[in-house]
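Chain and residue survey
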Amino acid sequence: MSHRTTIIVAHRLSTIRDVDTIIVLKNGQVVESGNHAELMCKKGEYASMDVKSITTRKQDPNDQKLSQPNFSPSQSIWEVVKLNAPEWPYAILDSVGAALEGTEAPFFALAITHILSTFYSPTGSEIKHEVDKVTLTFVALAGVTVPVYPLQHYFYTLMGERLTSHVRLLMFSGSFQ
């Protein structure tokens, strides 16, 4: 990675100790910048993060898992839900599509079961009549399935892309002011 600028977002300080410039962000604002040695001498945010990472590693030497930060999952989830509020109409369409997709497999199973039991009918005309009904059922199910799958996946993708763009905008807008 020589002779180029690379932006690394790191949660483990060991990942970035040897880089030329470290920029420390807090609440979307740059609070410190410099290399590892300079930032450790300043005894600011970076140094406190480094001390915290060292102490959490020394607490339990047998524990191989990384220490997890303390946060309230429900608060984070609700913040994301609020960010995605403009896309709620799409979420409703997605949910309707998911419900239709969920009912599709049982209907196919019922239709196949019905056609198999039809073959035990005593007359050929009755078999033909029942097979025609089940054929129409399959065509109707296909008529619902073909538009539902692409629309549902389109709306879920649209919601995800817009949420990702919104989160990225919030993250980077504070970084470059």
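Residues numbered from 1 in each chain as written. Predicted model: local features only at pLDDT ≥ 70, side-chain atom pairs only at ≥ 80, totals over all residues. Heavy atoms only, no water.

**As for the nonpolar core**
Grouped together as the largest cluster of nonpolar side chains are six residues: Leu13, Ile16, Ile22, Val24, Leu39 and Tyr46. Sequence-distant contacts of Tyr46, that is, excluding residues within four places in its chain, are made with Leu13, Ile16, Arg17, Ile22, Val24, Glu32, His36, Leu39 and Met40. (Core = buried A, V, L, I, M, F, W, Y, C linked by side-chain atoms within 4.5 Å. Buried < 20%, exposed > 50% of the residue type's maximum accessible area, 1.4 Å probe, protein only. Contact = heavy atoms within 4.5 Å.)

**Examining the pairing of strand S2 (residues 29-34)**
Relative to S2, strand S1 (residues 22-26) is paired through five bridges, and the arrangement is antiparallel. What sits directly across from Val24, in S2, is Glu32. Connecting S1 to the next strand, S2, in antiparallel fashion are two residues, including Asn27 with a positive phi near 55 degrees. (Pairing = 2+ DSSP bridges. Helix = DSSP H or I, 4+ residues; strand = E, 2+ residues; numbered from the N terminus.)

**Structural notes on the environment of Ile22**
Relative to the helices and strands, Ile22 is located in strand S1. Separated by 12 residues in the primary sequence, Ile22 and Gly34 have C-alpha atoms spaced 5.3 Å apart. Those residues in contact with Ile22 that lie beyond four places of it in its chain are Ile16, Glu32, Ser33, Gly34, Asn35, His36, Leu39 and Tyr46.

**Thoughts on the pattern of salt bridges**
Inspection of the entire model under this criterion finds four salt bridges. For Glu45, the salt bridge goes to Lys26, with nearest N and O atoms at 3.2 Å. Note that Glu45 is positioned in helix H2 (residues 45-59) and Lys26 in strand S1, a separation of 19 residues in sequence. A salt bridge links Glu130 to Lys133, with the nearest nitrogen and oxygen atoms 3.4 Å apart. A residue pair is termed a helical-turn pair when its members lie 3 or 4 positions apart in one helix, as Glu130 and Lys133 do in helix H5 (residues 124-175) at three residues. Under the relative-accessibility criterion, Glu130 is labelled buried at 13%. When its relative accessible area of 42% is taken as the criterion, Lys133 is described as partly exposed. (Salt bridge = Lys/Arg side-chain N within 4 Å of Asp/Glu carboxyl O.)

**Describing unusual backbone geometry**
Leaving glycine out, the prevailing phi sign among residues is negative, and the prevailing peptide bond configuration is trans. Although it is not a glycine, Asn27 adopts a positive phi angle of roughly 55 degrees. A relative accessible area of 73% means that Asn27 is categorised as exposed. Positive phi, normally seen in glycine, also occurs at Lys43, with a value near 55 degrees. The class of Lys43 is exposed, set by a relative accessible area of 69%.

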